[in-house]
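# Architecture and fold: a report
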Amino acid sequence: MTPEERDTLAGELALGVLEGEERAQALRLMLTDDGFAAEVDAWRDRLEPLCLGFGDVAPSNLWPSIERRLGTGGNVRALRIWRWSAIGSGALAASLAAVLLFRPLPQPVEIVRMPDKMAVAQLAGGEGATLLAANYDPVAGELRIRAVTMPTSELAPELWVIPEDGVPRSLGLVSAEGMSKMTVAEGHRKMIHDGATLAITMELRDGAPHAAPSSAPIAAGKISTI
C-alpha cells in the first residue's frame, strides 16, 4: 500500500464512510499498525473543528435557521410555502459524522482512492441527535447515506437538497438502516455544494421521488466541503 493509499484509508475510517470488507481491512490495520492508528487520529483531529460552533437548535427554529442561511427576498418565498404546509419539529445541525462499529468481516479487497474533495453533512433531529450522515463524491456523482438512529416508521425516509433558491428537490428514498448509495441526477449535482442544506422527511413509497415534501423534516444538516 502506497503512502497515499494509507492516508486515504485513514481518512475514510475517520469519516466513518467505509463499510464491508474495506472497513474490516482498515480496522485490522489500525489494531496492528501504530503508525496507521496515528494517521487515523490525525485525520480525526483535522476534522474535529467542523463540529465546533454548531449548537443545538430548538425544533421550532428549524425553518428560520434555513431561511437565514438562504438569505432574504423572493428566493425565500418558495421555502415559506413548504414551511407552512409542513410545519413541525426538527433541528438544524451541521458537522461531520463518524460512526465506527467493529465487527468481523471477510478478507480485505483493493481500496479505492477518495476524491480530492468531498461534500459531507450530518443530519440531526429535534434533540440534536444524529440521524443520518452523508458524503458526496462530486466526480462520480455518487451520494452515500449512512442511517445512524432513524425512528421506526411505516413511511420511508426521502432525502431533499435545498439550494439557495429555497426550493427542496428530492434526491430519492434512502434506507432507514445501514448504508444507501445513489447516483445523483445530473440536474441536481450542482446543488450539492458547501452551504446548501440536506433534509429528510418521511414519505409514502408510492410516487417517489416526490415533487414536494408532504411533512416537516425530521432531520436536516448543512453541507460542508472538505
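Above this text sits the structure in question.
Residues numbered from 1 in each chain as written. Predicted model: local features only at pLDDT ≥ 70, side-chain atom pairs only at ≥ 80, totals over all residues. Heavy atoms only, no water.

### So, the overall build of the protein chain
Helix and strand counts for the protein chain stand at six helices and nine strands. Taken over 226 residues, the protein chain has a buried fraction of 47%. In the protein chain, the proportion of contacts linking residues at least 24 apart, taken out of those at least 6 apart, comes to 68%. For the protein chain, the accessible area works out to roughly 11200 Å², and carbon and sulfur atoms hold 54% of it. (Helix = DSSP H or I, 4+ residues; strand = E, 2+ residues; numbered from the N terminus. Buried < 20%, exposed > 50% of the residue type's maximum accessible area, 1.4 Å probe, protein only. Contact = heavy atoms within 4.5 Å. Areas by Shrake-Rupley, 256 points an atom, 1.4 Å probe, with all protein chains shown as cover.)

### With respect to empty space enclosed by the protein
Enumeration over the complete set of coordinates arrives at two cavities of 30 Å³ or more. Within this model, the second largest cavity holds a volume of roughly 30 Å³. Lining the second largest cavity are A119, V120, A121, A134, N135, Y136, L143, I192, L198 and I223. If you list the elements that add at least two residues to the lining of the second largest cavity, you get β1 (119-124) and β2 (130-137). (1 Å grid on protein atoms, 1.4 Å probe; cavity = no way out; pocket = protein on both sides within 12 Å on 5 of 7 lines; lining within 4 Å. Points joined across faces, edges and corners; volume = space filled by probe spheres on them.)

### Details of the side chain of R144
The topology assignment puts R144 in strand β3 (residues 142-147). Buried charged residue R144 carries no salt bridge. Nearest counter-charge: E19, at 4.4 Å. Within the structure, the side chain of R144 is placed 3.4 Å from the backbone oxygen of V17, a separation counted as a polar contact. Once residues within four sequence positions are removed from consideration, R144 is found in contact with V17, E19, A133, A134, N135, M179, S180 and K181. (Lys, Arg positive; Asp, Glu negative; His and termini not counted. Salt bridge = Lys/Arg side-chain N within 4 Å of Asp/Glu carboxyl O. Polar contact = N/O pair within 3.5 Å; in protein donor to acceptor, adjacent residues only side chain to side chain.)

### Section: helix α2 (residues 20-32)
Taking 1.5 Å per residue, 13 residues should reach 18 Å; α2 reaches 19 Å between its end C-alpha atoms and fits that length. When we look at burial in α2, the residues that qualify are E22, R23, A24, Q25, A26, L27 and L29. (Expected span 1.5 Å × (residues − 1).)

### Thoughts on helix α1 (residues 3-15)
Along an α-helix, a turn takes 3.6 residues, which lines up residues three or four apart on a common side. Look at α1: 18 Å from first C-alpha to last across 13 residues, which is about the 18 Å you get at 1.5 Å a residue. Downstream of α1 by one or two residues, G16 has phi in the positive range, about 80°.

### Notes on the side chain of E158
Among the structural elements, E158 can be located in strand β4 (residues 156-162). Here E158 occupies a buried position and makes no salt bridge, while the nearest side chain of opposite charge, R205, is found at 9.7 Å. For E158, the side chain forms a polar contact with the side chain of H210, separated by 2.6 Å.

### Some points on unusual backbone geometry
For the bond from A208 to P209, the omega torsion is -5°, close enough to zero to count as cis. For P209, the location among the structural elements is in the loop between β7 (197-203) and β8 (219-222).

### Notes on the pattern of salt bridges
Taken as a whole and assessed by the stated rule, the structure comprises five salt bridges. Between R6 and E39 there is a salt bridge, with the nearest N and O atoms lying 3.0 Å from each other. In this pair, R6 is assigned in helix α1 and E39 in helix α3 (residues 34-47), connecting sequence segments 33 residues apart. On the accessibility criterion, E39 (22% relative accessible area) is partly exposed. Salt-bridge contacts for R169 lead to D165; the nearest nitrogen and oxygen are separated by 2.7 Å. With a relative accessible area of 21%, R169 lands in the partly exposed category. Given the relative accessible area of 26%, D165 is considered partly exposed. Salt bridges linked by common partners bring R6, D33 and E39 together as one network.

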